[in-house]
Amino acid sequence: MQPQLLLISPGQSYRLAPYLKAAERLGVALVIVSDSRYSLTREVAGGIQGDFARPEALLESILTRSETTPFRGVVASDDSTVELAARIATTLGLPSNSIASATLSRRKDLARRELLEAGLPVPAHWVVELNAEIAPQLRGLPYPVVLKPISLSASRGVIRADTPAEALRACQTIARIIAPLNSANERETLLIERYLPGREVALEGFLQQGTFTPLALFDKPDPLTGPYFEETYYITPSRLPGPIQRHIERTVADACRVYGLHQGPVHAELRIDRDQAWILEIASRTIGGECSRSLDAVLARPLEEYVLAAAMGSPLPVERRPGASGVLMIPIPRAGVLRRINGIPEISALPHITDIRISMEPGQVVETLPEASSYLGFIYSAAATPEAAEQALRDAHAVLEITIDPLLNR
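This section reports on the structure supplied with the text. Treat the numbers as computed from the prediction; the structure is a model and nothing was measured.

### Quick look at the packing of helix H1 (residues 16-26) against helix H10 (residues 303-311)
And then number 1: One can describe the packing of H1 onto H10 by two numbers: an axis separation of 8 Å at closest approach and a directional angle of 65°. Like other packed secondary-structure pairs, H1 and H10 cross with a definite hand, here right-handed. Between H1, through Pro18, Tyr19, Ala22, Ala23, Arg25 and Leu26, and H10, the contact on the second element is made entirely by Glu304, Glu305, Val307, Leu308 and Ala309.
And then number 2: A breakdown of the residues in the contact of H1 with H10 according to their chemical character gives 8 nonpolar, no polar and 3 charged.

Printed below as a string of structure tokens:
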């Protein structure tokens, strides 16, 4: 009988398809626990559905199914499901992160406090309560600073401010962005951090019984200086010196221990200032968007196979391929209505370009940061060196022609 794994995922998550393909290749029966009662995706419709905000009925259904075929592990697909996955795994007696550690991995304010107390490098930071008078809370800050929601990802709502007036406007903008969130804490609180110079990197890996295994370190070669922090190019392997790369890996492993994380995927974001690696985020899920596909050129297996195998207690040896790869998260040049994207056939024919995927349809309303919550699409490259992989993406971006009409009611 096939081993059975639980995947806790929103029914519309873009991470579903890669996990389903990975399960098929590994010979694993993946049972999807979702909040979608009327999904057109067969695996979602045939899984277990319920209200994530009221998980008692979900837990009962999962326990009933586990009586006939026990589950071998539990995986969360997204930030929004890591706490629920931890609760389910704990109930089933399966290896799991604790609920508290899962919460730290998605709550930047709580995580900063824990890391600071442990002596790990995090930017100086302050919490702003939006239900109190804001201006007095902004006095005396060491400008420039970066303001951000305590729980969102993909740079949504992240704003640099160089003056108190800019900080106040940023607070008002972020308040509008986070107003629809379910949690009162996440609606009424934001984080302010001292702006750090330097370059950013992202580290992808997984934990199995507390041991952190790095998979890929990405350079972000475009400067991220604000006022918004739109992510564009990810290139691996990193071109940072070996000692700094090892320092980054140790820092992330130490942070995971402080959080109490010991099982599952890890996506970390850090800023490198001289020889110091400052922790910006440690998330207990895989890399966002479709960026993980860029790893197909440099790893022997897709990222999700490593994650599922580790969840079953049988981690796969990490095999790396020679060469380099990259992904461009196609920037949205302006807000409005997407009309057309030209240049896709020309890009596909360029040297070292392996794929281009457009995520939005003509006629769709698109937004820019800090409000944007999705990408226009992704371009992938593979080459012998990181420099060649990056240049291929820059050449491709130069060919792309994006037409966006303004919204008439703005």
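Once the structure has been displayed, the description carries forward.
### As for the sheet that holds strand E2 (residues 29-34)
And then number 1: A sheet is described by the order of its strands in space; here 4 strands give the open sequence E3-E2-E1-E4, paired in parallel fashion. The open sheet has two free edges, formed respectively by strand E3 (48-49) and strand E4 (71-76), since each of these has just one partner strand.
And then number 2: Pairing between E2 and E3: 2 bridges, direction parallel. Paired with Ser34 across the strands is Gln49, a residue of E3.
And then number 3: Lying over the sheet, helix H4 (residues 82-92) contacts strand E1 (4-8) and E4, oriented at roughly 165° with respect to E4.

### Considering the pattern of salt bridges
And then number 1: Summed over the entire model, instances satisfying the criterion amount to 30 salt bridges.
And then number 2: In this structure, the salt-bridge partner of Lys148 is Glu193, at a minimum N-O distance of 3.1 Å. One end of the pair, Lys148, is in strand E6 (residues 145-149); the other, Glu193, is in strand E8 (residues 189-194), and 45 residues separate them in sequence.
And then number 3: We classify Lys148 as buried; its relative accessible area is 8%.
And then number 4: On the basis of relative accessible area, Glu193 is assigned to the buried category, the value being 3%.
And then number 5: Each of Arg199, Asp219, Asp222, Arg239, Glu390 and Arg394 takes part in salt bridges that share partners, so that together they form one network.

### Quick word on the packing of aromatic side chains
And then number 1: All chains considered together, the criterion is met by 3 aromatic pairs.
And then number 2: For the ring pair Phe206 and Tyr306, a centre distance of 6.4 Å and an interplane angle of 15° mean the geometry is stacked. In this pair, Phe206 is assigned in strand E9 (residues 199-208) and Tyr306 in helix H10, connecting sequence segments 100 residues apart.
And then number 3: The exposure class of Phe206 is buried, given its relative accessible area of 2%.
And then number 4: On the basis of an interplanar angle of 50° and a centroid distance of 5.3 Å, the ring pair of Phe218 and Tyr234 is categorised as tilted. Placement of Phe218 in strand E10 (residues 211-220) and of Tyr234 in strand E11 (residues 233-236) is noted, with a sequence separation of 16 residues between them.

### Remarks on unusual backbone geometry
And then number 1: Cis geometry marks the peptide bond from Tyr143 to Pro144; its omega dihedral reads 5°.
And then number 2: Structurally, Pro144 is set in the loop between strand E5 (125-129) and E6.
And then number 3: Here Gly226 and Pro227 are connected by a cis peptide whose omega angle stands at 10°.
And then number 4: Along the chain, the position of Pro227 falls in the loop between E10 and E11.
And then number 5: A positive phi angle is found at Ala154, which is not glycine, with a value near 60°.
And then number 6: Here Ala154 shows up in the loop between E6 and strand E7 (159-161).
And then number 7: Its identity as a non-glycine residue notwithstanding, Ser155 has a phi of 65°, on the positive side.
And then number 8: On the secondary structure map, Ser155 appears in the loop between E6 and E7.
And then number 9: What makes Ser155 buried here is its relative accessible area of 15%.

### Here we look at helix H9 (residues 242-259)
And then number 1: Its 18 residues place the ends of H9 26 Å apart at the C-alpha level, agreeing with the 26 Å of an ideal helix rising 1.5 Å per residue.
And then number 2: Close packing links the buried residues of H9 with helix H5 (99-104), helix H6 (108-117), E9, E10, strand E12 (263-273) and strand E13 (276-283).

### Observations concerning the packing of helix H3 (residues 56-68) against H4
And then number 1: At a minimum axis separation of 11 Å, H3 and H4 run at an interaxial angle of 45°. By the angle class used here, H3 and H4 are oblique. Crossing angle aside, the handedness with which H3 passes H4 is right-handed. Mapping the contact onto sequence places Glu56, Leu58, Leu59, Ile62, Leu63 and Ser66 in H3 and Leu84, Arg87, Ile88, Thr91 and Leu92 in H4.
And then number 2: Here the residues of the contact of H3 with H4 are counted per class, giving 7 nonpolar, 2 polar and 2 charged.

### Topic: empty space enclosed by the protein
And then number 1: Scanning all chains against the criterion turns up 3 cavities of 30 Å³ or more.
And then number 2: Roughly 200 Å³ of internal volume is contained in the largest cavity.
And then number 3: Contributions of two or more residues to the lining of the largest cavity are made by E4, H4 and E12.
And then number 4: At 4 residues, E4 tops the list of elements feeding residues into the lining of the largest cavity.
And then number 5: Looking at the lining of the largest cavity, its residues break down into 10 nonpolar, 6 polar and no charged.
And then number 6: Empty space within the second largest cavity amounts to approximately 120 Å³.
And then number 7: What lines the second largest cavity is a set of 13 residues, and nearest its centre among them are Glu230, Leu369, Ala372, Ser374 and Tyr375.
And then number 8: Among the residues making up the lining of the second largest cavity, the classes are represented as 7 nonpolar, 3 polar and 3 charged.

Reading guide: rules and limits
- For every chain, the first residue of the written sequence is number 1, and numbering continues from 1 onward in sequence order.
- The model is predicted, so local features are restricted to residues of pLDDT at least 70 and side-chain atom pairs to those at 80 or more, both for listing and for counting; the totals for chains, interfaces and linings are taken over all residues.
- In computing side-chain properties, one takes all heavy atoms of the structure into account and sets aside hydrogens as well as water.
- In this description, a line fitted to the C-alpha atoms serves as the axis of each element, helices being fitted only across the stretch in contact, and the angle between N-to-C directions of two axes falls anywhere from 0 to 180 degrees.
- Under the scheme used here, helices are H or I runs from DSSP no shorter than 4 residues and strands are E runs no shorter than 2 residues, and both carry numbers assigned from the N terminus.
- By the definition used in this description, the sense in which the near helix is turned from the far one sets the handedness, with an anticlockwise turn below a right angle giving left-handed and a clockwise turn giving right-handed.
- Two residues form a contact once any of their heavy atoms are found within 4.5 Å.
- For this scheme, ten residues count as nonpolar: Ala, Val, Leu, Ile, Met, Phe, Trp, Tyr, Cys and Pro. Four count as charged, namely Asp, Glu, Lys and Arg, and the remainder, Gly too, count as polar.
- Should DSSP find at least two bridges between two strands, the strands are taken to pair.
- Salt-bridge detection follows one rule: a side-chain nitrogen of Lys or Arg within 4 Å of a carboxyl oxygen of Asp or Glu.
- Burial status follows relative accessibility: with a 1.4 Å probe on protein chains alone, a residue under 20% of its type maximum counts as buried, one over 50% as exposed, and anything between as partly exposed.
- Stacked, edge-to-face and tilted labels apply to pairs of Phe, Tyr and Trp rings (six-membered ring for Trp) whose centres lie within 6.5 Å, assigned for plane angles under 30 degrees, over 60, and everything in between, in that order.
- The span one expects for a helix is its residue count, reduced by one, times 1.5 Å.
- Oblique is the label for any angle not under 35 degrees, not over 145, and not in the 65 to 115 range, which are roughly parallel, roughly antiparallel and roughly perpendicular in turn.
- Here a cavity denotes grid points, spaced 1 Å and computed from the protein atoms alone, that fit a 1.4 Å probe unable to get out, and a pocket denotes an open set having protein on both sides within 12 Å along at least 5 of 7 lines; residues with an atom within 4 Å of a point are the lining.
- Grid points are joined across faces, edges and corners, and a volume is the space filled by probe spheres set on the points.

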